[in-house]
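# Residue-level structure breakdown
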Amino acid sequence: MITRRQFLHYSGFTATALLMNRAPALAQSTTVKAFTLDPNILAKFVDPLPIPPIARPDRYQSSPENPAVKTPCYRLAMRPFEMKIHRDLKPTRMWGFSSQGFNSGFPGPTFDVRSGQDILVEWVNELPGKHFLPIDHNVMGAGADQPESRAVVHVHGAKTPPESDGYPESWIVPGKSVVYHYPNKQDATMLWYHDHAMGINRLNIYAGLAGAFLIRDSFEDSLNLPAGKYEIPLVLSDRQLTPEGQLFYPASPDPKSPWVPEVFGDAILVNGKIFPYLNVTARKYRFRVLNASNGRFYHLSLTDGASANGASADGASFWQIGTDQGLLPAPVPLQELMIAPGERVDLVVDFGGHRGKEMILRSDSFVIMQFRVSADKVNDTSSMPAALRPVPKIPESQAVKTRLLSLNEYVNRAGEPVLMLLNGKYWHDPVTERPSLNTIEIWTLINPTDDSHPIHLHLVRFQILDRQKYDPSTYQSTGKLKFTGPVVPPEANEAGWKDTVRAEPGMVTRIIVPFEGYPGRYVWHCHILEHEDNEMMRPYEVITD
Ligand SMILES: [Cu+2]
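About the criteria used
- Throughout, residues of each chain are indexed from 1 in the direction in which the sequence is written.
- Thresholds applied to this predicted model are a pLDDT of at least 70 for local features of residues and 80 or more for the giving and counting of side-chain atom pairs; totals over whole chains, interfaces and linings are not thresholded and use all residues.
- In computing side-chain values, all of the structure's heavy atoms are included and hydrogens and water are not.
- Going along the chain from the N terminus, every DSSP run of H or I of four or more residues is numbered as a helix, and every run of E of two or more is numbered as a strand.
- Note on definitions: a residue-residue contact is assigned when non-hydrogen atoms from the two residues lie within 4.5 Å.
- The method behind every accessible area is Shrake-Rupley, applied with a 1.4 Å probe, and residues are considered shielded solely by the protein chains displayed.
- DSSP bridges decide pairing: two strands pair if at least two such bridges lie between them.
- Every axis corresponds to a line fitted to the C-alpha atoms, with the helix fit spanning only the stretch in contact, and the corresponding angles, defined between N-to-C directions, vary from 0 to 180 degrees.
- Only one rule defines a salt bridge in this text: a Lys or Arg side-chain nitrogen within 4 Å of an Asp or Glu carboxyl oxygen.
- In this scheme, a residue with accessible area under 20% of its type's maximum is buried, one over 50% is exposed, and one in between is partly exposed, where area comes from a 1.4 Å probe on protein chains only.
- Both site types are read off a 1 Å grid over the protein atoms alone. A 1.4 Å probe that fits but cannot get out defines a cavity, while an open set with protein on both sides within 12 Å along at least five of seven lines defines a pocket; lining residues have an atom within 4 Å of a point.
- Grid points are joined across faces, edges and corners, and a volume is the space filled by probe spheres set on the points.
- Here the nonpolar group is Ala, Val, Leu, Ile, Met, Phe, Trp, Tyr, Cys and Pro; Asp, Glu, Lys and Arg are the charged ones; every other residue, Gly included, is treated as polar.
- Only nitrogen, oxygen and sulfur atoms qualify as donors, provided they sit within 2.8 Å of the metal or within 3.2 Å for Na, K and Ca; with water excluded from the atoms, sites may seem incomplete.
- Centres within 6.5 Å make a pair out of two Phe, Tyr or Trp rings, where for Trp the six-membered ring is used; the pair is then stacked when the planes are under 30 degrees apart, edge-to-face when over 60, and tilted otherwise.
- Two limits define a charge over a ring: the Lys NZ or Arg CZ must be within 6 Å of the ring centre, and within 35 degrees of the ring normal.
- Per residue, pLDDT measures the predictor's confidence, with a range of 0 to 100.

Once that is clear, we can look at the overall build of the protein chain. Across its full length, the protein chain carries six helices and 33 strands. Projected onto its principal axes, the C-alpha coordinates of the protein chain cover approximately 65 × 55 × 55 Å. When contacts within the protein chain are restricted to residue pairs at least 6 apart in sequence, long-range pairs at least 24 apart make up 77% of them. Of the roughly 20,400 Å² that the protein chain leaves accessible, carbon and sulfur atoms contribute 54%.

Put into structure tokens, the structure is as follows:
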């Protein structure tokens, strides 16, 4: 059977005139498998799950909001370090964050802050001058004249003034630091911090520049959810490894343009370990799950360790209680869920019915980690309330504007993707999305490609209105949306506040977005990092009239 890509190749279409679909299987063919380690040769469940330490402030400084108030200031330095990612592998070279009392790691230390309590963070670049992963100098902003080890930190999902948002071009070089202000005026949820430097963000995050950022509030406190040692972050990231256990970042066959459209690793790390285990007691746990991978989507399920891959037979495996931007209106019982790069899910798992058993967290055929449930009976005093946090639906009638925005992939003569754009625009084109502060807009994401693109808007939270199949060729030739399927509302576990939405292939995905917070320049982008780094990112500007 001829693929779309081969058809393009053989029929000699020119590249840039077309918005083309792409076969994901072929995208992976650029990976040089011979040089990578098969993680399945490694012993499973020999390393305990690491829990990143909580970041501690190292000084107090006047708050930008009120100079009379001293606010906690954290100092996090980006440094090279080595880390054991599996018992039987030599230490792996990475880049990570160090903080007060913590000497670098991946993930970096976890921020654990209160809603409304602002903090300052001094982000320090102490990286070596040379990068250790393959930079593509043809990629926007990554020219050979640019310093290799530039970095800038963005807190994903934070409602942050523009000067502290980590604009991709606001990178700093080794030896420099910058102090950012995070007001934290938003609901309790799990955010994450990571590098966002123009043109190399995929490499810096792959190297390890990422960590979790939890915001708490009194509403969440009142729910008596599992807390303390019963609340655990699970940061998922996939990597390819050399046989020596070093990070392998694949390159295209063309040494002048090493950029590849996507990277998938067989080694799935949880909090920086391959195949870790966690000893748990027979009670409820809260897991704060983050997909910090470059391009991998996880289809998570929890199964009995004894069964090969089947779903558990006793009803719900777990509940989802929160999305990217906070608690859902009510817990959603699930057997499985999908999490795209950049997304977070807040889960409660009750091990009470699994005393003395082993449970496996998996993504389809991938084994991710093991839970060892102790046989002892325990008194679980935490709650699983039937109602969580109300999420009032924003009526469409409140939107002052609707924007139609397409997601585009461009291929070369060989049918290989060479460029991704948002609405046909390059990074340096004039700003086209200029919402007014304190207004609501509907963004209609039109996806003619074969890929699901997780689209993230900085600054704001939004709700998913619906998704609907449409005919891409009609749209391409006439600009008209001809719908070919029913209007599909978001699943129950997506019907909360989001900051990243899966724009599914061949579908129109509509979100409704209140632009609240601060005026200024932000970005919106695909969270597949290889796409983001190759122009699938655009500035947008919140304006005041
Ligand atoms: Cu994308």
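The strands that make up a sheet pair up through hydrogen bonds in the backbone, lying either parallel or antiparallel. Within the open sheet, the five strands sit side by side as β26-β25-β27-β31-β29. Their pairing is mixed. The outermost strands of the open sheet, each flanked by one partner alone, are β26 (417-422) and β29 (463-469). With strand direction ignored, the average angle separating the axes of adjacent strands in the sheet is 15°. Two strands pair when backbone bridges link them, and β29 and strand β31 (residues 507-515) are joined in this way by six bridges, in the antiparallel orientation. Looking at the pairing, K469 lines up with M507 of β31.

For the structure shown, the criterion picks out 36 salt bridges. The partner of R79 in a salt bridge is E126, and the shortest N-O contact between them spans 2.6 Å. Of the two residues, R79 sits in strand β3 (residues 70-83) while E126 sits in the loop between β7 (119-125) and β8 (153-156), which places them 47 residues apart along the sequence. For E126, a relative accessible area of 29% puts it in the partly exposed group. Residue R403 pairs with E441 through a salt bridge whose shortest N-O separation is 2.6 Å. In this pair, R403 sits in strand β25 (residues 399-411) while E441 sits in strand β27 (residues 439-446), placing the two residues 38 residues apart along the sequence. For the residue pair R403 and E441, the accessibility class agrees, reading buried in each case. It is possible to trace a salt-bridge network through shared partners that takes in D324, E343, R344, R467, E494, K498, D499, R502 and E504.

Turning our attention to empty space enclosed by the protein. It is the rolling of a water-molecule-sized probe over the atoms that shows where space remains empty. Here the structure, examined in full by the defined rule, presents five cavities of 30 Å³ or more. Estimated volume of the largest cavity: approximately 70 Å³. In terms of lining, the largest cavity is formed by Q320, T323, D324, L337, M338, E343, R344, V345, N493, E494, K498 and R502. Secondary structure elements with two or more residues in the lining of the largest cavity: β19 (318-323), β21 (336-339) and β22 (344-350). Of the residues in the lining of the largest cavity, the class split is three nonpolar, three polar and six charged.

Strand order across the open sheet formed by four strands is β6-β11-β10-β8, with mixed pairing between neighbours. Looking along the sheet, the strands with just one partner apiece sit at the ends: β6 (108-114) and β8. Geometrically, the sheet is characterised by an average inter-axis angle of 20° between neighbouring strands, direction not taken into account. Across four bridges, β8 lies against strand β10 (residues 189-195) in antiparallel orientation. Looking across to β10, one finds that H154 is bridged to H194.

Let us look at the coordination of the copper ion. Around the copper ion, the protein supplies H453 (ND1), C526 (SG) and H531 (ND1) as donor atoms, at distances of 2.0 to 2.1 Å. Donor residues for the copper ion sit on one chain with the sequence pattern H-x72-C-x4-H. With H453 in strand β28 (residues 453-457) and C526 in strand β32 (residues 520-526), the pair connects residues that are 73 residues apart, well separated along the chain. Note on accessibility: H453 and C526 belong to one class, buried.

Applying the stated rule across the entire model yields 24 aromatic pairs. Between F111 and Y193 the ring centres are 5.3 Å apart and the planes differ by 85°, which places this aromatic pair in the edge-to-face class. You can see F111 sitting in strand β6 and its partner Y193 sitting in strand β10, a full 82 residues away along the chain. Lying over the aromatic face of W171, R150 brings its terminal NZ or CZ to 5.8 Å of the ring centre. One residue, R372, lies across the ring of Y277, its end atom 3.6 Å from the ring centre.

Take the pairing of strand β5 (residues 102-105) next. Across two bridges, strand β4 (residues 92-99) lies against β5 in antiparallel orientation. Among the inter-strand pairings, S99 is bridged to a residue of β5, identified as F102. Connecting β4 to the next strand, β5, in antiparallel fashion are two residues, including G101 with a positive phi near 75°.

Take the environment of Y167 next. Counting through the fold element by element, Y167 comes out in the loop between β8 and β9 (177-182). When the C-alpha atoms of Y167 and H154 are compared, they prove to be 7.5 Å apart, with 13 residues separating the residues in sequence. Contacts of Y167, omitting those with residues within four sequence positions, involve V152, W427, R521, Y522, V523 and P539.

What follows deals with the pairing of β31. Among the nine residues in β31, nine count as buried, and that is most of the element. Of the two faces of β31, the one lined by M507, T509, I511, V513 and F515 and the one lined by V508, R510, I512 and P514 are each fully buried. Taken together, the eight bridges between β27 and β31 define a ladder with antiparallel strand orientation. Bridging from a neighbouring strand, I446 pairs with V508 of β31.

So, about the confidence of the model for the protein chain. Per-residue pLDDT for the protein chain averages 91, and the proportion of residues at 70 or more is 92%. This stretch, residues 1-32, has a pLDDT under 50; its non-local contacts, to residues over four places away or in other chains, come to 62 contacts. Confidence over residues 308-315 falls short of pLDDT 50; this stretch has 11 contacts with residues more than four positions distant or in other chains.

In this structure, the amide linkage connecting F106 to the following residue, P107, adopts the cis form with an omega of -5°. The topology assignment puts P107 in the loop between β5 and β6. Of note, L459 is a non-glycine position whose phi angle comes to about 75°, a positive value.

Topologically, S436 is positioned in the loop between β26 and β27. Take S436: its relative accessible area is 13%, and that puts it in the buried class. Not counting residues up to four positions away in its chain, the partners in contact with S436 are E441, F515, V542, I543 and D545.

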